[in-house]
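# Analysis of the macromolecular model
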Number of protein chains: 4
Amino acid sequence: MNTYKIINGILVQVKGQVPSINEHEVLVRIHAVSLNYRDLLVIEGIGQWTPIEDRIPLSDGAGEVIKIGGSITKFKVGDRVTSLISPNWESGKLAPEKIIVTLGGSSLDGVLAEYVVLPENALSKFPDYLSYEEAATLPVAALTAWNAVIEQSTLKLGNTILIIGTGGVSLFALQFSKLSGYHIIITSSSDEKLKKAKELGAHHIINYKKNKDWIKEVLTISEGKGVDQVVDVVEGDHITESLKCIKSEGIVSMVGVIAGIHGSIDTGMIMSKAARIQGVETGSTEMYGRMLAAMHLHRVKPIIHTVFPFEKVPEALLLLKKGDHFGKICIKLE
Amino acid sequence: MNTYKIINGILVQVKGQVPSINEHEVLVRIHAVSLNYRDLLVIEGIGQWTPIEDRIPLSDGAGEVIKIGGSITKFKVGDRVTSLISPNWESGKLAPEKIIVTLGGSSLDGVLAEYVVLPENALSKFPDYLSYEEAATLPVAALTAWNAVIEQSTLKLGNTILIIGTGGVSLFALQFSKLSGYHIIITSSSDEKLKKAKELGAHHIINYKKNKDWIKEVLTISEGKGVDQVVDVVEGDHITESLKCIKSEGIVSMVGVIAGIHGSIDTGMIMSKAARIQGVETGSTEMYGRMLAAMHLHRVKPIIHTVFPFEKVPEALLLLKKGDHFGKICIKLE
Amino acid sequence: MNTYKIINGILVQVKGQVPSINEHEVLVRIHAVSLNYRDLLVIEGIGQWTPIEDRIPLSDGAGEVIKIGGSITKFKVGDRVTSLISPNWESGKLAPEKIIVTLGGSSLDGVLAEYVVLPENALSKFPDYLSYEEAATLPVAALTAWNAVIEQSTLKLGNTILIIGTGGVSLFALQFSKLSGYHIIITSSSDEKLKKAKELGAHHIINYKKNKDWIKEVLTISEGKGVDQVVDVVEGDHITESLKCIKSEGIVSMVGVIAGIHGSIDTGMIMSKAARIQGVETGSTEMYGRMLAAMHLHRVKPIIHTVFPFEKVPEALLLLKKGDHFGKICIKLE
Amino acid sequence: MNTYKIINGILVQVKGQVPSINEHEVLVRIHAVSLNYRDLLVIEGIGQWTPIEDRIPLSDGAGEVIKIGGSITKFKVGDRVTSLISPNWESGKLAPEKIIVTLGGSSLDGVLAEYVVLPENALSKFPDYLSYEEAATLPVAALTAWNAVIEQSTLKLGNTILIIGTGGVSLFALQFSKLSGYHIIITSSSDEKLKKAKELGAHHIINYKKNKDWIKEVLTISEGKGVDQVVDVVEGDHITESLKCIKSEGIVSMVGVIAGIHGSIDTGMIMSKAARIQGVETGSTEMYGRMLAAMHLHRVKPIIHTVFPFEKVPEALLLLKKGDHFGKICIKLE
């Protein structure tokens, strides 16, 4: 079978044997995977994300159950499943031990292979209306967005949300916000992307590059008060921008680290606005189930930018790095 | 009558007429006032706290109603009352317009005078068991602590709270936490203050100056997981220390700005812990009422360090600045 | 001017003078009113709803501001406004004193007149996209539904709600639930009404008259677990039916009293399901503002069954009593 | 070994073999058990509580781990443990499948035996400061009270709670309320019991038998508004009494079924007060852990009325039925 591994710090395609399973494991034929920003950090070996030798990268994949171990009860051969990045976060609140073990990181192999072996709790069935490529986009980007704008959010019908950018998490946040009846403002540096975001349901679009006064525009739209919640994927110093955009007692949801994991923040504004800054980690298997149920009900279709063939993984990673895409980048494993 | 005013940037004691009132106002004979860190910023004219000429400073005072305007219904002559720093924040959520007007700041005269005239909504009755000096400590320090550890808190009986320092807000936070049955850790750089904090009910005391590994000690006490909430009066870069002390999904309540209004914060930790940073502003008149009811029920006695006579206001301010006190600093107006 | 009054227990149309206003009042030319079940109880003088002599009935109306008193600041001549049934419930939680004074009941005249005089807090502006007839349907039915399915609800995108019947409150509950992305089941005894409810967005329709096993059908739809919330307008013994339909820790929202104000309830089931029965009163002026903002954003159009001319009020009341309508019954005052 | 079983509908003491365990089980030497009202229903075979032949009754016991199966990881020989009535409710929200299997009921044997075999999830360690008799009182009564006044409650420091009666759940509710700083009213038909309740920290005591106007007294104590929460163990028609005692938006927690599992309830009052009636089931293993931590912190001592020797179980049951006790009734197994 074909797989990619990180050998001597370089991603290479190699041949291997279809792996065998023990009684607690499931063999899955992967049909599609999708890329997240974290995969880039792992593959490039940046900081804490440095992988061990021979690591198979990528956390998010979708495929078909081929074989099950003797004690497996939740799946049967033929089930269409996705991976779950943090198998041990099954339910309840976050705890360190629930997110130490993750797929395609330092602890476990990922899913960039034709056949993968996973424990039962690293898998979830998905609804029929989704293709393998679509399902492969869900484990990290959709779940993080779901956690930020639904599970951890206090927003109600008609409240205003500001979504920063049009990356993977932001687009799912847009789709879930739309279905929840929120009042949606979205920003980007590209008019073309903003046009697409509008088609997806954003009520207001703002090009923050062209409009230096974009924060003022956010405030005008929100009647001078500021928005109820910001979904901020940038972080770092950007949090202070987000704080300026919220109303008193508003929420800034931190869902990404594009600008790094440190920021100089205006703590005075946090106090005077009685603001709430809320860190968001992906989510639990139970949340994933609720998300899939909601997606199924509304037949939500993930936005996919390009589906690359298995041979073109390097090109796919380059595209991710460049950041010109609108929607998830997928790889198909025929 | 005697009063203090800030004239040419200097606090001076002056004589004046007992002021007259209109139909919507109340004349109060002030018997005691207490100092907050903010008063120091106003008197020293730092940044946004620069007062206008002739400003009477100080937000927190207690006294007796001497005369009421014709349309006053909530008070009668003889009522024992405290001031309220933000008269327009009567109920509901925080909004900028509710905290623009504050006593003893840029917008309104304060209470460092034998007689003051205040609108009805800048006053609240207080329970009989409290002296004027004790009541004078409540409007800012007690209410901020109440908001942080009761109104905005999700803690329940037996949960663990870490209180940073032994300043005015911290001591009220300690008292309210004790009554709520929380598990309490408190820090200070003084063993003597820590001893007193223990007498007030702290379960664990940590001298962060002597113990460089104080965060580790916090984690040990909280079974390696971290505490449920930190009440942080320091802010600035200190927030990252507080983040290290909380458990996943824990709360860092920002209640002070001792270290300034900007900080370099570890945003990566906010995400990986799904932490909530919660800014805390004093509170509404409704919250003040709930606080007084709880204090009354439990006969809570504010901790007072020294009561100075009216002539010794400069000495009182010096003591505040030095920071060696344990408990509120009050001034008595005989 | 023309008005209706209840004289000697009978509703009669009478002529009168256009009333004058004091400085705290507003004169409104009513253009449309709508009927609620409560109006029937008042007009028929049932129990606590017995009106005083000469009472002008009806709580819900929409019109234009014609004249304002000297101290009015929130309205100007020409504003399009609706009445508010409980003027004293401006914000915050419910309290008895906030709902003692109501329009068209025992305490105040209502709006079934060409000209009415109301205090400032009994009025609210409404969005331009709504006609007078549409706006007249909002004060009671829409606000009660909003309170039940948005303000007091814990439901999130994709959760399942069961709406009992297709009366005024139920239809607004359906519309708000649809916009919030809930999974919606609705019941009725009429296939024709159910067909219309489906066109409005219900995912599942159940004729409880034809289908004696309708509760079983609800459970099947909700995967055997039961729904997250029931909006129950029937009450009385019907609550036990609703309890059977919810899942563990589900909510039964009590929004009506069609079956009377006493019921024999299965208290054992409340415990074994850890159920929450939640009483719902209309709502505050602040909630009304949030509702109007959400309606405006989504251009929600109230469902109107018939608009009667002013002379046909008795016919309109008969229709309400018969219960064959689908949507609100309005009266136009040309 | 000695045990009690229900044979032909009669509770008899019999001799038996110390049971053997499989790899997933734990053998516990029971040192003390405590009685709940439910045990009476099981032993008398009332309704759904009819036991199967040879059933060992009683859900609540405490003892020492004697032997563990090969795959047991949470316990070791010598651990002091209590039983858990619903082993499958380990965490999260209530679900029917989590409470179908219960100790000492229709599904599983209970703990009224010198030696019992239990699966790992039916046991919990308890703090050292508690005796076996004290620990035996916790699994049902303490956990139900904890769930009602802590987990499901929205009460904060200083809020008012009304506790009905002085049974097992009520006394734990009193103790947890006291530690949380609530304002406590308790009722009983016995002045002697009320005196003891006052010693345990109740602020107000009411003899509802002597004082026909007891509801009025509750309202007077709560300043005419009503209390924030009622803990009601009576149920049935009594709920209407409880509804009269709460303030608007108050909570009636249903924790018992002394008056049966049906009640005629004033549904009109539920609406006009926007009341919340909240059913309460025992609780999860996670909640039990939080309760034990809080009890440990505050060294809470369960109130025990009498400890009977093993031979006197029938006398103990008679006492329970008579209802004259104040505190839990325990049996010691030497």
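Calculation criteria
- Residues numbered from 1 in each chain as written.
- Chains lettered and ligands numbered in written order.
- Predicted model: local features only at pLDDT ≥ 70, side-chain atom pairs only at ≥ 80, totals over all residues.
- Heavy atoms only, no water.
- Helix = DSSP H or I, 4+ residues; strand = E, 2+ residues; numbered from the N terminus.
- Buried < 20%, exposed > 50% of the residue type's maximum accessible area, 1.4 Å probe, protein only.
- Contact = heavy atoms within 4.5 Å.
- Buried area = accessible area lost by both parts, 1.4 Å probe.
- Salt bridge = Lys/Arg side-chain N within 4 Å of Asp/Glu carboxyl O.
- Polar contact = N/O pair within 3.5 Å; in protein donor to acceptor, adjacent residues only side chain to side chain.
- Nonpolar A, V, L, I, M, F, W, Y, C, P; charged D, E, K, R; others polar.
- Pairing = 2+ DSSP bridges.
- Arc of directions from axis to C-beta.
- Right-handed = clockwise from strand over helix to strand, strands pointing away.
- Least-squares fit on C-alpha atoms with pLDDT ≥ 70 in both.
- Domains from an automatic or database assignment.
- Axes fitted to C-alpha atoms, helices over the stretch in contact; angles between N-to-C directions.
- Parallel < 35°, antiparallel > 145°, perpendicular 65-115°, else oblique.
- Left-handed = near helix turned anticlockwise from the far one by under 90°.

For chain A, the name recorded in an unreviewed UniProt entry is NAD(P)-dependent alcohol dehydrogenase, with Arenibacter arenosicollis as its organism.

In terms of regular secondary structure, chain A is built from 11 helices and 16 strands. Here chain A holds 334 residues, and 61% of them are scored as buried. Across chain A, the fraction of contacts at a sequence separation of at least 24, relative to all contacts at a separation of at least 6, is 67%.

Attention now goes to the interface of chain C and chain D. Listed as interface residues are 36 residues of chain C and, on the opposing side, 36 residues of chain D. Summed over both partners, the interface of chain C with chain D comes to about 2,700 Å²; 58% of that surface belongs to carbon and sulfur atoms. For chain C, the biggest contributors to the area lost against chain D are Glu249, Thr267 and Met271 of chain C; these three give 23% of the whole. Counting the contacts that link chain C with chain D gives 0 salt bridges. Our enumeration of links across chain C and chain D arrives at 7 residue pairs in polar contact (both at pLDDT 80 or more). For the side of chain C that touches chain D, the leading source of residues is helix 9 (residues 267–272) of chain C, giving 5 residues. Residue composition of the side of chain C that touches chain D, by class: 16 nonpolar, 13 polar and 7 charged. The pairing of strand 13 (residues 262–265) of chain C with strand 13 (residues 263–266) of chain D spans 4 bridges and is classified as antiparallel. Across the sheet, residue Ile265 of chain C finds its bridge partner in strand 13 of chain D, namely Gly263 of chain D.

Residue and element names in this part refer to chain C. When we look at burial in helix 11 (residues 313–322), the residues that qualify are Val313, Ala316, Leu317, Leu319 and Leu320. Looking straight down helix 11, one finds its buried side chains confined to an arc of 160°; they lie on one side. Within helix 11, the exposed residues directed more than 90 degrees away from the buried face are Leu318, Lys321 and Lys322. At its buried positions, helix 11 is contacted by strand 1 (2–7), strand 2 (10–15), helix 1 (37–44), strand 15 (304–309) and strand 16 (328–332). Of the residues one or two after helix 11, Gly323 is the one with positive phi, at around 85°.

All right, on to helix 7 (residues 214–221) of chain B then. Residues and elements named next belong to chain B. Along helix 7, the positions that sit buried rather than exposed are Trp214, Ile215, Val218 and Ile221. For helix 7, the buried positions fall inside an angular range of 120° around the axis, keeping them on one side. In this structure, helix 7 carries Lys216 and Thr220 as exposed residues pointing more than 90 degrees from its buried face. Summarising the contacts, the buried residues of helix 7 are in contact with strand 8 (160–164), strand 9 (183–188), strand 10 (204–207), strand 11 (227–232) and helix 8 (238–245). Once helix 7 ends, the next one or two residues include Glu223, with phi positive near 55°.

Time to look at the interface of chain A and chain B. The interface of chain A with chain B comprises 36 residues on the first partner and 36 residues on the second. Where chain A abuts chain B, roughly 2,700 Å² becomes buried across the two surfaces, and 58% of that area is made up of carbon and sulfur atoms. On inspection of chain A and its partner chain B, the count reaches 0 salt bridges. For the pair chain A and chain B, the number of links is 8 residue pairs in polar contact (both at pLDDT 80 or more). Taken together, the elements giving at least two residues each to the side of chain A that touches chain B come down to helix 2 (96–99), strand 12 (246–254), strand 13 (263–266), helix 9 (267–272) and strand 14 (276–279) of chain A. The dominant element in the side of chain A that touches chain B, judged by the number of residues it contributes, is helix 9 of chain A, at 5 residues. Of the residues contributing to the side of chain A that touches chain B, the split by class is 16 nonpolar, 13 polar and 7 charged.

Take the pairing of strand 8 of chain B next. All names here are of chain B. Taking burial as the measure, the 5 residues of strand 8 include 5 buried ones, the bulk of the element. Of the two faces of strand 8, the one lined by Thr160, Leu162 and Ile164 and the one lined by Ile161 and Ile163 are each fully buried. After leaving strand 8, the chain enters helix 5 (residues 168–179) and then returns to the sheet as strand 9, a path that is right-handed.

Mapping chain C onto chain D leaves a residual RMSD of 0.0 Å; the transformation is a rotation of 180° accompanied by 0.0 Å of translation along its axis. Such values leave the two copies arranged in the relation of a two-fold axis. Among all residues of chain C, the one whose C-alpha sits closest to the rotation axis is Ser264 of chain C, at a distance of 2.1 Å.

Quick look at unusual backbone geometry now. Although it is not a glycine, Asn8 of chain A sits at a positive phi angle of roughly 55°. Turning to its location among the elements, Asn8 of chain A is positioned in the loop between strand 1 (2–7) and strand 2 (10–15).

Take the side chain of Thr102 of chain D next. Residue and element names in this part refer to chain D. Relative to the helices and strands, Thr102 is located in the loop between helix 2 (96–99) and strand 6 (115–119). Given a relative accessible area of 13%, Thr102 falls into the buried group. A polar atom in the side chain of Thr102 sits 3.0 Å from the side chain of Arg38. Look past the residues within four positions of Thr102 in its chain and what remains in contact with it is Arg38, Ile85, Ser86, Ser107 and Leu108.

Moving on to the environment of Glu334 of chain B. Residues and elements named next belong to chain B. Of note, Glu334 is situated in the segment after strand 16 (328–332). Since its relative accessible area comes to 71%, Glu334 is described here as exposed. With 318 residues separating them in the primary sequence, Glu334 and Gly16 have C-alpha atoms 16 Å apart.

Bringing the domain arrangement of chain A into the picture now. Residue and element names in this part refer to chain A. By the assigned domains, chain A splits into domain 1 (2–139 + 283–332) and domain 2 (153–279). With 15 residues of domain 1 at the interface, the matching set in domain 2 holds 11 residues. When domain 1 packs against domain 2, the two sides together hide about 1,200 Å² of surface, and 79% of this comes from carbon and sulfur. Of all residues in domain 1, Val300, Ile303 and Phe326 give up the largest surface area on contact with domain 2, accounting jointly for 45% of the area buried on that side. The tally of links between domain 1 and domain 2 comes to 0 salt bridges. Linking domain 1 to domain 2 there are 3 residue pairs in polar contact (both at pLDDT 80 or more). Here the element with the most residues in the side of domain 1 that touches domain 2 is helix 10 (residues 285–298); it accounts for 3 residues.

Overlay of chain A on chain B (RMSD 0.0 Å): rotation 180°, translation along the axis 0.0 Å. Of all interface residues in chain A, 100% are interface residues in chain B too; the two copies therefore contact each other through one and the same surface.

Turning to the packing of helix 7 of chain B against helix 8 of chain B, a few remarks are in order. All names here are of chain B. Relative orientation of the contacting elements helix 7 and helix 8 amounts to 30°, with a least axis distance of 9 Å. Regarding the angle of helix 7 to helix 8, the classification is roughly parallel. Judged by the sense of rotation from one axis to the other, the crossing of helix 7 with helix 8 is right-handed. Residues Trp214, Ile215, Val218 and Leu219 of helix 7 pack against His238, Glu241, Lys244 and Cys245 of helix 8. Looking at side-chain class alone, the contact of helix 7 with helix 8 contains 5 nonpolar, 1 polar and 2 charged residues.

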